[in-house]
2 protein chains.
Amino acid sequence: MSERFVVVGGDAAGLSAAAKARRADPDREVVVLERGAWVSFGACGIPYYVKGEIPELEDLLVTSPEKLVGKYGIDLRRHHEVTAVDPEAGRVTVDGGGERYELAYDDLLLATGGHGATPDAPGGDLDGVFTVRSLDEGRALREYLTPGAGTRPGVPTPPTDRFHEHLGEVEAVAVVGANKIGLELVEAFDARGLAVHVVDDGAHVFERGPLTLPPFGPAAAGIVEERLRERGVELHLDSRVERFVGADGAVTAVETGDERIPVDAVLVDEGVEPNAELAAGAGIELGATGAIATDAYGRTSAPDVYAAGDCAEKHHHLLDEPVHLPLGLAANRGGRAVGATVAGTPTRVGPVVGTVVMKVFDLEVACSGVLDAETAREAGFDPVTETVTTISRAHYYPGGSRIVVEMAAGADDGRLLGAGLVGEEGCAHRVNAVATALHTDLTVGELADLDFGYSPPFGPVWDPVLTAAKAVDGDLG
Amino acid sequence: MSERFVVVGGDAAGLSAAAKARRADPDREVVVLERGAWVSFGACGIPYYVKGEIPELEDLLVTSPEKLVGKYGIDLRRHHEVTAVDPEAGRVTVDGGGERYELAYDDLLLATGGHGATPDAPGGDLDGVFTVRSLDEGRALREYLTPGAGTRPGVPTPPTDRFHEHLGEVEAVAVVGANKIGLELVEAFDARGLAVHVVDDGAHVFERGPLTLPPFGPAAAGIVEERLRERGVELHLDSRVERFVGADGAVTAVETGDERIPVDAVLVDEGVEPNAELAAGAGIELGATGAIATDAYGRTSAPDVYAAGDCAEKHHHLLDEPVHLPLGLAANRGGRAVGATVAGTPTRVGPVVGTVVMKVFDLEVACSGVLDAETAREAGFDPVTETVTTISRAHYYPGGSRIVVEMAAGADDGRLLGAGLVGEEGCAHRVNAVATALHTDLTVGELADLDFGYSPPFGPVWDPVLTAAKAVDGDLG
């Protein structure tokens, strides 16, 4: 009489939990209910699929349904949608396999993910206006750009309500929201030879991060803007889309207060919203962010019900409050911890420090912690910030380039609050040392004195992170 | 009546101390006594100068004598050699400027550096047998390979006793000691079209690290050996050089127990020995490593006398004992701390954790901490080690390659002991997160749960360091 662990959602958090539970307790019955066709996907790869660098959507899959069933022994049910949770009775209601049925659980994980926030402005439902969070949305966008390119015989292609049998050529596209996914897609659009417009209501890119996604800092934003302009991208900052204009049901322009920008397609990146309706409908508590509130073990307000991934809040180690940070590793970490817990080893879902890495053309952009002064002050810090320009290799070693590091610390105790790095090389991985220092509450003085590696092809003798820490430390009293 | 800070040695540690002291206390009198012509050099760049990738030796200089005097206000005296220290009287004896004089100090820093260990075997003093630690040695080696290439009008070229007006063409070279500098020079010799032999008495490269330089781990060693062989380098492992054979005073072969290897030049990398004679002559205590013993502030056994850089011991945070780790950043860190201390702010010389990064052809090789099981056991640990093979980019992202991570933790408490990484990209900077975790005493379980960055072009969703930490953590009870 094995206990049944039911997982709602077959993505990063849900499958991490299911696999971990089965590995840790092979006798455990694990049922994964996924409302769509896709399981185990790599949503972070969608921009590169849209770009065409990754040929097929299936290439993004981390594992196959067959392996989940065969190797892990998971009872995987695709196209089975959970429509209700009854925590009192300990069961869920499922639509799937042509019927509606109830399924009892001993433990339940809600891993229902998130979706791209849809625009408020009128016309946001026109064909050609996309948000991209799911594989289906990625496919629809790519097909819109190059009709037919996304289809392949034998591959499930569920229709999306945004899909459009576009007839004309797409020549210009607007990215609304200069945030992570939006700017990753700028590169994809540019690679396809499209004219790209970026529209954002902030004074700079990254300024108004989607939900609680932290900004990379003004220094990084300036360099990214410079690089976007060099690549011919038109930036429309301080601009709010007031209307999407269409003809024959398809978008033909976006209108801001100042201008009308003719485009053939629009990508909206106004952030990721949690899919929390199922939890809310069951009377499970949501947090102030709108995502499902959880404790240190990923438990919700309902007994035996956990939540992880983009639908759930995470605890931010610096801000010391729940945040909604819809990122891939956090989903994997949360799911894995819940899987271990339900298999018998209570395991905390570790906190986040807000580490974000991305590529914008040939720039590596990375940050961890809290760089935004206002956010820091709201959390009770008195931030001191320095920006240093350093180099990616020893000054004499060929091929090096500029690295700009922005770093913040608390004025009173010197505690590291965050850092952002931008440059053509050497930023993406360096930020993990910053993340480690943030998790362990180092001061910038302590960080500056760590024994990092040095070799001329890979950096100057004082690593850029150390140089920034010295600079901030020097500002402290 | 400013107090006089006298620094012996115008290299990384000495100049870091001098500059820091002047910045922190502009009224302080700072005298730097350097016995040679060069100050402020980048010894770590010598392999790339020998390779020819860096055209001139002067390119390695971090700053100029003019700047040290003009900008920093340092009383810089080149070709002034300190021949004796009298700690009782608080003065040094100097040979320089055509005279012998005494100079009183209030604080003294010994930053006398190190030198390449010379071979024991007969014939080690033949022309064409080199150690490379100083710029002059680097120049002599390059000139030996390509006569005339290292000279430039107007540049000081002090004679070295190894300099040789070589007449014939150099076609084959032996690197004796498969350690950091030796293997960096393999790439330089290969780039010059030379046949390269590596002779080492260990069963694998890196096995017998120079002095206390920690090995990168067997996994990295195996991959490096494979790459060396692919590039046509002949490895003679388990082989000890018993004799250097010469003709007309120049080396023509090395003899091991098994074979005679005809070569035209030899580079010996048997480790770096501290230049500790001056301290020893003054009755200052040396440590068991042969380097100058220091406390947490870099103070020696003599009052007001400090030591930093390659001549001094450092405290190893994991081994909890003094080590001799002659690396560039540690020298800079130590000098800077002493400079701050003598300028009035007592500043600890932070410990080392043994972070080493190097390039071997197109491989990045990095380690931090203690990977060698025997060393770990001697320090009281019971190490558990795992080796994982992972990838440098998301599986679907083009251009990725293999990353192998070896990681060790204590069996009883899971404390991270060390990690080594090797691969074609993404290793050099990742090791700094390991270093940070070592400094802060994280367990592998804690490390595995950190919020690192993820983006498909730069790594898999679970960073290789996290994957290794999960694997080791899974082995613990």
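Within each chain, residues carry numbers counting from 1 in the order of the written sequence. Whichever chain is written first is A, and whichever ligand is written first is 1; the rest continue in order. Restriction of local features to residues with pLDDT of at least 70 applies here, the model being predicted, together with a cutoff of 80 or more for giving and counting side-chain atom pairs; totals for whole chains, interfaces and linings are based on all residues. Here the side-chain values reflect all heavy atoms present in the structure, with hydrogen atoms and water set aside.

1. Some points on unusual backbone geometry
All names here are of chain A.
Thinking step 1. A positive phi angle is found at Asp238, which is not glycine, with a value near 50 degrees.
Thinking step 2. A run of H or I in DSSP counts as a helix once it spans at least four residues, and a run of E counts as a strand once it spans at least two, with each numbered from the N terminus. For Asp238, the location among the structural elements is in the loop between strand E12 (234-236) and strand E13 (241-247).
Thinking step 3. Accessible area is worked out with a 1.4 Å probe on protein chains only. A residue is then buried under 20% of its type maximum, exposed over 50%, and partly exposed in between. Residue classification places Asp238 among the exposed positions, given a relative accessible area of 57%.

2. Digging into the interface of chain A and chain B
Thinking step 1. Contacts were defined at the residue level, with two residues in contact if any of their heavy atoms lie within 4.5 Å. In this assembly, 59 residues from chain A lie in contact with 59 residues from chain B.
Thinking step 2. We define a salt bridge as a side-chain nitrogen of Lys or Arg found within 4 Å of a carboxyl oxygen belonging to Asp or Glu. Our count for the contact surface shared by chain A and chain B stands at four salt bridges.
Thinking step 3. The salt bridge involving Arg333 of chain B is made with Asp451 of chain A; its shortest N-O contact spans 3.9 Å.
Thinking step 4. Think of a polar contact as two N or O atoms within 3.5 Å of one another; within protein, one of them needs to be a possible hydrogen donor and the other a possible acceptor, and neighboring residues in sequence only count if both atoms come from side chains. Where chain A touches chain B, the interface holds 26 residue pairs in polar contact (both at pLDDT 80 or more).
Thinking step 5. Those elements that provide at least two residues to the side of chain A that touches chain B are helix H8 (328-342), strand E21 (356-360), helix H10 (431-439) and helix H12 (464-475) of chain A.
Thinking step 6. Residue contributions to the side of chain A that touches chain B peak at six residues, all from H10 of chain A.
Thinking step 7. In the side of chain A that touches chain B, the residues fall into 30 nonpolar, 16 polar and 13 charged. Each residue gets one label: Ala, Val, Leu, Ile, Met, Phe, Trp, Tyr, Cys and Pro are nonpolar, Asp, Glu, Lys and Arg are charged, and the others, such as Gly, are polar.

3. Some remarks on the relation of the copies chain A and chain B
Thinking step 1. Here chain A sits on chain B after a turn of 180 degrees about the axis and a move of 0.0 Å along it, with an RMSD of 0.0 Å. Considering both components of the superposition, the chain copies are consistent with a two-fold axis. Every residue of chain A has its C-alpha some distance from the rotation axis, and the shortest such distance is that of Ala433 of chain A, at 2.0 Å.
Thinking step 2. Counting the interface residues of chain A, we find that 100% of their copies in chain B are interface residues as well, pointing to one common contact surface. When the copies are superposed, the least-squares fit draws on C-alpha atoms of residues that have pLDDT of at least 70 in both.

4. Some thoughts on the sheet that holds strand E22 (residues 363-369) of chain B
Residues and elements named next belong to chain B.
Thinking step 1. Note on pairing: two strands pair once DSSP finds at least 2 bridges between them. Spatial strand order, E21-E22-E25-E24-E23: five strands in an open sheet with antiparallel pairing. Of all the strands in the sheet, the pair left with one neighbour each is strand E21 (356-360) and strand E23 (383-391). For this sheet, the mean inter-axis angle between neighbouring strands, taken without regard to orientation, is 10 degrees.
Thinking step 2. One ladder, built from seven bridges, connects strand E24 (residues 402-410) with strand E25 (residues 416-423); its direction is antiparallel. Along E25, the bridge assignment pairs Ala408 with Gly418.
Thinking step 3. Structural elements are reduced to axes, namely lines fitted to C-alpha atoms, with helices fitted over the stretch in contact, and the angle between N-to-C directions of any two is expressed from 0 to 180 degrees. Set on the sheet, helix H12 (residues 464-475) makes contact with E23, E24 and E25; between it and E23 the angle comes to about 140 degrees.

5. Focus: the environment of Pro47 of chain B
Residues and elements named next belong to chain B.
Thinking step 1. Considering the arrangement of structural elements, one finds Pro47 in helix H2 (residues 46-51).
Thinking step 2. Owing to a relative accessible area of 5%, Pro47 belongs among the buried residues under this scheme.
Thinking step 3. For the pair Pro47 and Ala340, spaced 293 residues apart in sequence, the C-alpha separation works out to 32 Å.
Thinking step 4. Setting aside residues no more than four positions away along its own chain, Pro47 makes contact with Glu184, Leu185 and Ala188.

6. So, the packing of aromatic side chains
Residue and element names in this part refer to chain A.
Thinking step 1. Only Phe, Tyr and Trp rings are paired, with Trp represented by its six-membered ring, and only when their centres lie within 6.5 Å; those with planes under 30 degrees apart are stacked, over 60 edge-to-face, the remainder tilted. Considering all chains together, one arrives at six aromatic pairs over all chains under this definition.
Thinking step 2. The interplanar angle of 75 degrees and the centroid separation of 5.2 Å between the aromatic rings of Phe130 and Tyr144 together place this pair among those described as edge-to-face. Separated by 14 residues along the polypeptide, Phe130 in strand E9 (residues 129-130) and Tyr144 in helix H4 (residues 135-145) bring together distant segments of the chain. In terms of burial, Phe130 and Tyr144 fall into one category: buried.
Thinking step 3. Here Lys470 stacks its cationic end above the ring of Trp462, 3.6 Å away from the centre of that ring. Comment: the charge-over-ring label is applied if NZ (Lys) or CZ (Arg) is within 6 Å of the ring centre and within 35 degrees of the ring normal.

7. Some thoughts on the sheet that holds strand E5 (residues 91-96) of chain B
Residue and element names in this part refer to chain B.
Thinking step 1. Strands sit in the order E4-E5-E6 across an open sheet of three strands; the sheet is antiparallel. The sheet terminates laterally at strand E4 (81-86) and strand E6 (99-104), the two strands that pair on one side only. Looking at each pair of strands side by side, their axes are set apart by 25 degrees on average, direction ignored.
Thinking step 2. One ladder, built from six bridges, connects E5 with E6; its direction is antiparallel. The residue of E6 that forms the bridge with Arg91 is Ala104.

8. A look at the environment of Glu313 of chain A
Residue and element names in this part refer to chain A.
Thinking step 1. With respect to the helices and strands, the residue Glu313 is situated in the loop between strand E18 (305-307) and strand E19 (314-316).
Thinking step 2. Between the alpha carbons of Glu313 and Gly283 there is a distance of 16 Å; along the sequence they are 30 residues apart.
Thinking step 3. Beyond its immediate sequence surroundings of up to four residues, Glu313 is in contact with Gly287, Ala288, Thr289, Ala291, Ile292, Ala293, Thr294, Pro322 and Val323.
Thinking step 4. Among the polar contacts listed, one links the side chain of Glu313 to the side chain of Thr289, at a separation of 2.8 Å.

9. As for the packing of H10 of chain A against helix H10 (residues 431-439) of chain B
Thinking step 1. One can describe the packing of H10 of chain A onto H10 of chain B by two numbers: an axis separation of 7 Å at closest approach and a directional angle of 20 degrees. Considering their axes alone, H10 of chain A and H10 of chain B lie roughly parallel with respect to each other. The way H10 of chain A lies across H10 of chain B gives a crossing that is right-handed. Residue-level contacts link Asn432, Ala433, Thr436 and Ala437 of chain A of H10 of chain A to Asn432, Ala433, Thr436 and Ala437 of chain B of H10 of chain B.
Thinking step 2. The residue makeup of the contact of H10 of chain A with H10 of chain B, split by class, is four nonpolar, four polar and no charged. Relative orientations are named as follows: roughly parallel for angles under 35 degrees, roughly antiparallel for angles over 145 degrees, roughly perpendicular for angles from 65 to 115 degrees, and oblique for any other angle. In a left-handed crossing the near helix is turned counterclockwise from the far helix by less than a right angle, and in a right-handed crossing that turn is clockwise.

10. Some remarks on the domain arrangement of chain A
All names here are of chain A.
Thinking step 1. Residue ranges assigned to the domains are those given by an automatic or database domain assignment. Considered domain by domain, chain A is made up of domain 1 (4-113 + 275-342), domain 2 (117-270) and domain 3 (362-475).
Thinking step 2. Each of domain 1 and domain 3 has a C-alpha centre, and these two points are 34 Å apart.
Thinking step 3. Contact with domain 1, which involves four residues of that partner, is made by 11 residues of domain 3.
Thinking step 4. For the pair domain 1 and domain 3, the summed buried area comes to about 590 Å², and 69% of that belongs to carbon and sulfur atoms.
Thinking step 5. What gets called buried area is simply the loss in accessible area from a 1.4 Å probe that two parts show on being joined, summed for both. Three residues, His317, Leu318 and Leu319, lead the burial of domain 1 against domain 3; their summed loss comes to 89% of the area buried on that side.
Thinking step 6. Applying the counting rule to domain 1 against domain 3 returns zero salt bridges.
Thinking step 7. The tally of links between domain 1 and domain 3 comes to two residue pairs in polar contact (both at pLDDT 80 or more).
Thinking step 8. Considered class by class, the residues forming the side of domain 1 that touches domain 3 number two nonpolar, two polar and no charged.

11. Describing the pairing of E21 of chain B
Residues and elements named next belong to chain B.
Thinking step 1. Burial analysis of E21 places five of its five residues in the buried class, which makes it a mostly covered element.
Thinking step 2. Of the two faces of E21, the one holding Val356, Met358 and Val360 and the one holding Val357 and Lys359 are both buried throughout.
Thinking step 3. In the sheet, E21 pairs with E22 via five bridges, with the strands oriented antiparallel. Counterpart to Val356 in the pairing with E22 is Cys367.

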